[in-house]
Amino acid sequence: QVHLVESGGGLVQAGGSLRLSCAASGSVSRFYAMGWYRQAPGKQREFVASISGLSSTPRFADKVKGRFTISRDNAKNTVYLQMNSLKPEDTAGYYCYASNMGGANYWGQGTQVTVSS
């Protein structure tokens, strides 16, 4: 059983920053990839960023490139999403996920990010 717990969401003004954390039960390095999706009200869930388990290669959605970074701390079994220069359109529920080599995906409960203009 894999448990992912997100934290770090909140209310921030446009241009501000937030750091989201995703704490996993067990080593994060064992996952093929971990990352974040987001979903705004009335919209489909969309990919935000990911980091591979073996090489820590990051990937980002075009919408967040240059503003968001993703990293992981293997000692703390935690993946982080640093979000800078936030925009109102970044407002959404942010969900952490982990994918294993077998193709199974696990999800956290989500954390809300609200960016005011």
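Everything below is about the structure shown above.
So, how was this worked out
Residues numbered from 1 in each chain as written. Predicted model: local features only at pLDDT ≥ 70, side-chain atom pairs only at ≥ 80, totals over all residues. Heavy atoms only, no water. Pairing = 2+ DSSP bridges. Helix = DSSP H or I, 4+ residues; strand = E, 2+ residues; numbered from the N terminus. Axes fitted to C-alpha atoms, helices over the stretch in contact; angles between N-to-C directions. Salt bridge = Lys/Arg side-chain N within 4 Å of Asp/Glu carboxyl O. Buried < 20%, exposed > 50% of the residue type's maximum accessible area, 1.4 Å probe, protein only.

So what's going on with the sheet that holds strand β8 (residues 78-83)? Which residues, and what values?
Pairing within the open sheet is antiparallel, and its four strands lie in the order β1-β3-β8-β7. Since the sheet does not close on itself, it has two edges, and those belong to β1 (4-7) and β7 (68-73), each with one partner. Across the sheet, the mean angle from the axis of one strand to that of its neighbour is 15°, orientation sign disregarded. Bridge analysis of β7 against β8 gives six bridges, and the strand direction is antiparallel. Its bridge partner lying in β8, Asp-73 is registered against Thr-78.

So what's going on with the pattern of salt bridges? Residues and values would help.
Under the counting rule described, the total for this entry stands at five salt bridges. Salt-bridge contacts for Glu-46 lead to Arg-38; the nearest nitrogen and oxygen are separated by 2.6 Å. Judged by relative accessible area, Glu-46 falls into the partly exposed class, the value being 25%. Put simply, Arg-38, Glu-46, Lys-63, Arg-67 and Asp-90 are held in one network by salt bridges that share partners.

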